[in-house]
Amino acid sequence: MLLWTRIVLVGLICLSLVSSGMGCGPGRGYGRRRHPKKLTPLAYKQFIPNVAEKTLGASGRYEGKITRNSERFKELTPNYNTDIIFKDEENTGADRLMTQRCKDKLNSLAISVMNQWPGVKLRVTEGWDEDGHHFEESLHYEGRAVDITTSDRDKSKYGTLSRLAVEAGFDWVYYESKAHIHCSVKAENSVAAKSGGCFPGSSTVTLQDGTNKAVKDLRTGDRVLAADDDGNPIYTDFIMFIDQDSATKRLFYVIETDSGQKITLTAAHLLFVGHNSTDEERMSAIFASEVRRGQKVFVFDAERSRLEPVTVKRIYTQEQVGSFAPVTMQGTVVVDQVLASCYAVIEDHVLAHWALAPVRLAHWVSSLLFSSQNQVSAQSDGVHWYSKILYQLGTWLLDSHSIHPLGMSVYSS
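Quick look at the structure, then. (Residues numbered from 1 in each chain as written. Predicted model: local features only at pLDDT ≥ 70, side-chain atom pairs only at ≥ 80, totals over all residues. Heavy atoms only, no water.)

This paragraph deals with the packing of aromatic side chains. Taken as a whole, this structure holds 7 aromatic pairs when the rule is applied. An angle of 85° between the planes, with centres 5.6 Å apart, marks the rings of tyrosine 44 and tyrosine 175 as edge-to-face. Here tyrosine 44, found in the loop between helix H1 (2-23) and strand S1 (47-48), pairs with tyrosine 175, found in the loop between strand S7 (172-174) and strand S8 (181-184); they are 131 residues apart in sequence, far enough to count as distant. Ring centres of phenylalanine 47 and tyrosine 174 lie 5.6 Å apart, and the angle between their planes is 85°; this geometry places the pair in the edge-to-face category. Of this pair, phenylalanine 47 sits in strand S1 while tyrosine 174 sits in strand S7, placing them 127 residues apart in sequence. With a relative accessible area of 27%, phenylalanine 47 lands in the partly exposed category. Seen from the ring of tyrosine 44, lysine 178 lies directly overhead, with NZ or CZ sitting 4.2 Å from the centre. (Phe/Tyr/Trp six-rings, centres within 6.5 Å; stacked < 30°, edge-to-face > 60°. Helix = DSSP H or I, 4+ residues; strand = E, 2+ residues; numbered from the N terminus. Buried < 20%, exposed > 50% of the residue type's maximum accessible area, 1.4 Å probe, protein only. Lys NZ or Arg CZ within 6 Å of the ring centre and 35° of its normal.)

Turning next to the pattern of salt bridges. Applying the stated criterion across every chain, the model contains 16 salt bridges. Glutamate 130 is the salt-bridge partner of arginine 68, the closest N and O atoms lying 2.8 Å from each other. You can see arginine 68 sitting in the loop between S1 and strand S2 (76-78) and its partner glutamate 130 sitting in the loop between strand S5 (122-126) and strand S6 (145-150), a full 62 residues away along the chain. Since its relative accessible area comes to 37%, arginine 68 is described here as partly exposed. What makes glutamate 130 partly exposed here is its relative accessible area of 25%. One salt-bridge network, held together by shared partners, links Arg72, Glu75, Glu142 and Arg144. (Salt bridge = Lys/Arg side-chain N within 4 Å of Asp/Glu carboxyl O.)

Its 17 residues give helix H2 (residues 100-116) an end-to-end C-alpha distance of 24 Å, which sits within 8% of 24 Å, the value for a rise of 1.5 Å per residue. All of the buried residues in H2 are Arg101, Cys102, Lys103, Lys105, Leu106, Leu109, Ala110 and Val113. (Expected span 1.5 Å × (residues − 1).)

This next bit is on the pairing of S5. S5 sits mainly inside the fold: 5 of its 5 residues count as buried. One ladder, built from 3 bridges, connects strand S3 (residues 84-86) with S5; its direction is parallel. The residue bridging phenylalanine 86 from the neighbouring strand is valine 124, located in S5. Sheet topology note: the S5/S6 ladder contains 4 bridges and is antiparallel. Bridge pairing in S6 links arginine 123 to threonine 149. (Pairing = 2+ DSSP bridges.)

Moving on, we get to the side chain of glutamine 261. Structurally, glutamine 261 is set in the loop between strand S12 (233-257) and strand S13 (262-265). At a separation of 2.7 Å, a polar atom in the side chain of glutamine 261 contacts the side chain of threonine 257. Engagement of the side chain of glutamine 261 in a polar contact is seen with the side chain of serine 259, the distance being 2.4 Å. Excluding residues that lie within four positions of it along the chain, glutamine 261 makes contacts with Ile255, Glu256, Val299, Asp336, Gln337 and Val338. (Polar contact = N/O pair within 3.5 Å; in protein donor to acceptor, adjacent residues only side chain to side chain. Contact = heavy atoms within 4.5 Å.)

Quick look at the environment of glycine 260 now. Following the sequence through the fold, glycine 260 ends up in the loop between S12 and S13. The exposure class of glycine 260 is partly exposed, given its relative accessible area of 47%. For the pair glycine 260 and lysine 313, spaced 53 residues apart in the sequence, the C-alpha separation amounts to 8.9 Å.

Moving on, we get to the packing of H2 against helix H3 (residues 158-168). Viewed as axis vectors pointing N to C, H2 and H3 meet at an angle of 135°, and their least axial separation amounts to 9 Å. Relative to H3, the element H2 lies oblique. Like other packed secondary-structure pairs, H2 and H3 cross with a definite hand, here right-handed. Residues Lys105, Ser108, Leu109, Ser112, Val113 and Gln116 of H2 pack against Thr160, Leu161, Leu164, Ala165 and Ala168 of H3. Per-class residue counts for the contact of H2 with H3 are 6 nonpolar, 4 polar and 1 charged. (Axes fitted to C-alpha atoms, helices over the stretch in contact; angles between N-to-C directions. Parallel < 35°, antiparallel > 145°, perpendicular 65-115°, else oblique. Left-handed = near helix turned anticlockwise from the far one by under 90°. Nonpolar A, V, L, I, M, F, W, Y, C, P; charged D, E, K, R; others polar.)

In structure tokens form, the structure reads like this:
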């Protein structure tokens, strides 16, 4: 049954790609890869993403200086890529030392530079700093930042070089000075770098019999409270976890309402908020990291048996161990009394729900064929294979701005 299900899902993915190619003109035919998009150079002093470097949406917080004698020195790895020129003015090899994530992004950028300008190489002027030459709490002290130029030092190329660095996957890129570009990455063990879209295992959902159940204890076929397309409460089947991790500590946003409800979820997870439209409250899904005080989320009122808009009073972050991303037939779920989407990373609930159609179809067929059997969850920790495929397709077909910065690294190596 498992093999048959996988074959059907892969077939449907291929069919959907062909269909989208046929309907997305103009073009000379379907199924052809798009031409590379035109690179837009960064302007002088521009940084991407447009937030401070050491915030959750960029490279994350400073975790402490690394010295040659510290335990964390083993986190640094030398980069001997011959396609990169290291200035190494200290003549100690320090500029070659960096975290593995920084090394991966730098090596990727080196290839892009040679493709963009044949005969030109990437040049690193500053890497890991062990001498205290940078400002306090600089990510250079952790091997998470590099300052770069091109080997020909042609300043007219630096705007495009900045854009190439963004495309290479650096978590923060800053056209800092006329002399260089500053790039940095998240920490290797950063919870932000692996946040994806999940709830902590201790969060609860409401079952059809009125009892509450911890998210981590959900089993395939459980009927949980959700909302239909019109925002009305409805009980729907829990299908599976598209991501689950019972052991890793992660950073969550806690969104608290003025009536006392709290929902805890990762920054890249979608949450429904209200927008006033004449006499009714329209709802749309936005990233949890974009929710602001004063906005309204939707809370289940058990007495009236409906979802009510309630004002957000407070937002803060907290670390918890364990994270789970449940998927339901409806694509929505009420967690700790607050309505949320089942989806994350891409800020389009409708698109995400459409993309999971093969999963819902497989569950429907399975429930018909095995309705008399007691269904249980046999999933192990990790990201579901189908979710990985969708993410890879999304990075190819969608603009990078459509993907949450904290979701970008979820499946990267």
